[in-house]
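Fold and contact review
What follows is each chain in one-letter form.
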Amino acid sequence: MNCGFQRFRAYSKTVSRSHSETVDTMIDFFEKAKIIPKSEVMISFIKFQNDLIGRYDYIDELLRTMEREHIKPTHDILKSLFDGTALKKKEQQPMIVGKASIQMTREEWNREEGKVSYERYHDVIKASGADRRTFSKVLDSIVKVEPTFGKPYFKVEIDVTELDGIRQELNRNE
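Residues numbered from 1 in each chain as written. Predicted model: local features only at pLDDT ≥ 70, side-chain atom pairs only at ≥ 80, totals over all residues. Heavy atoms only, no water.

1. Remarks on the overall build of the protein chain
Along its length, the protein chain carries seven helices and two strands. Each helix (α) and strand (β) of the protein chain, taken in turn from the N terminus, gives the series α-α-α-α-α-α-β-β-α. With 174 residues in all, the protein chain has 7% of them scored as buried. The contacts of the protein chain with a sequence gap of at least 6 include a subset with a gap of at least 24, amounting to 19%. Only carbon and sulfur atoms are counted for the fraction: they give 58% of the accessible area of the protein chain, which is about 16900 Å². (Helix = DSSP H or I, 4+ residues; strand = E, 2+ residues; numbered from the N terminus. Buried < 20%, exposed > 50% of the residue type's maximum accessible area, 1.4 Å probe, protein only. Contact = heavy atoms within 4.5 Å. Areas by Shrake-Rupley, 256 points an atom, 1.4 Å probe, with all protein chains shown as cover.)

2. Points about the side chain of serine 141
Mapped onto the elements of the fold, serine 141 is located in the loop between helix 6 (118–140) and strand 1 (142–145). Excluding residues within four positions of it along the chain, serine 141 makes contact with Lys155, Val156, Glu157 and Ile158.

3. Details of helix 3 (residues 40–83)
With 44 residues, helix 3 extends 62 Å between its outermost C-alpha atoms, agreeing within 8% with the 64 Å of an ideal straight helix rising 1.5 Å per residue. For helix 3, the principal kink sits at glutamate 67 and spans about 40°. Looking one or two residues past helix 3, glycine 84 carries a phi angle of roughly 90°, positive in sign. (Expected span 1.5 Å × (residues − 1). Bend = angle between axes of the 7 residues up to and from the residue.)

4. Overview of the packing of helix 1 (residues 2–15) against helix 2 (residues 19–33)
For the pair helix 1 and helix 2, interaxial distance at closest approach is 9 Å and the crossing angle is 80°. With respect to helix 2, the axis of helix 1 lies roughly perpendicular. Residue-level inspection shows Phe8, Arg9, Tyr11, Ser12 and Val15 of helix 1 in contact with helix 2, the latter providing His19, Thr22, Val23, Thr25 and Met26. Class assignment for the residues of the contact of helix 1 with helix 2 results in five nonpolar, four polar and one charged. (Axes fitted to C-alpha atoms, helices over the stretch in contact; angles between N-to-C directions. Parallel < 35°, antiparallel > 145°, perpendicular 65-115°, else oblique. Nonpolar A, V, L, I, M, F, W, Y, C, P; charged D, E, K, R; others polar.)

5. Topic: the confidence of the model for the protein chain
Looking at the protein chain, the pLDDT average stands at 78 and 74% of residues meet or exceed 70. Element-level pLDDT for the protein chain is lowest in helix 4 (residues 99–102), with a mean of 54, against a maximum mean of 89 in helix 2. (pLDDT = per-residue confidence, 0-100.)

6. Here's the deal with the pattern of salt bridges
Pairing is possible between side chains that carry opposite charge, provided their charged atoms lie close to one another. Inspection of every chain in the model, using the stated rule, returns three salt bridges. A salt bridge links aspartate 60 to arginine 64; the nearest nitrogen and oxygen atoms lie 3.3 Å apart. Here aspartate 60 and its partner arginine 64 are both found in helix 3, four residues apart, which amounts to about one turn of the helix. You can call aspartate 60 partly exposed: its relative accessible area is 35%. What makes arginine 64 partly exposed here is its relative accessible area of 48%. For glutamate 146, the salt bridge is made with lysine 144, and the minimal N-O distance between the two is 3.9 Å. Taking relative accessible area as the criterion, glutamate 146 reaches 62% and is therefore assigned exposed. (Salt bridge = Lys/Arg side-chain N within 4 Å of Asp/Glu carboxyl O.)

7. Quick look at a negative patch on the surface
On the surface, Glu21, Asp24, Asp28 and Glu31 cluster together into a patch of negative charge. Along the chain, the position of aspartate 28 falls in helix 2. Since its relative accessible area comes to 37%, aspartate 28 is described here as partly exposed. (Patch = residues over 30% accessible without salt bridge, like charges linked within 9 Å, V, L, I, M, F, W, Y side chains within 5 Å. Lys, Arg positive; Asp, Glu negative; His and termini not counted. Charge placed at Lys NZ, Arg CZ, Asp CG, Glu CD.)

8. Thoughts on a nonpolar patch on the surface
There is a patch of nonpolar side chains on the surface, built from Phe45, Ile46, Phe48, Leu52, Tyr56, Tyr58, Ile59, Leu62, Leu63, Met66 and Ile71 and spanning about 1100 Å² of accessible area. Checked against the element boundaries, isoleucine 59 lands in helix 3. Judged by its relative accessible area of 43%, isoleucine 59 is partly exposed.

See below:
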């Protein structure tokens, strides 16, 4: 409370000779400006001012970031181009090539690049067709069982001889 009174006394000396004249001057100002300290207009104006200050801070930070991340690197690139430092090429060291890579056969190159021969490709296609037939046999033998109690489940109905035949067929294709 004492601090506020001291502030008022210091302010009062700048406005008029006495404290009562200062208060009168302040009241006249509020009446002429039609300002009521607790009015909605005044409160919204103060909020607007705070929002505006926040936006200025955001724009300031945005400009600083843009300068740091975009303008300075671009300036440095252009400067290096005009100075000629970007045009100087570093000497490239000769690539060491081993004898094994020079003496590779066509099959080794194809294997390294992931290429396969037509015969091998055809064998893979045949095997995948057989796998599809085997897989469809197994799918056809699956039956959904819905018990009276509990959750429904799937059951594979294959006899042992059919299962052994499928296993042999799959092992043959590998």
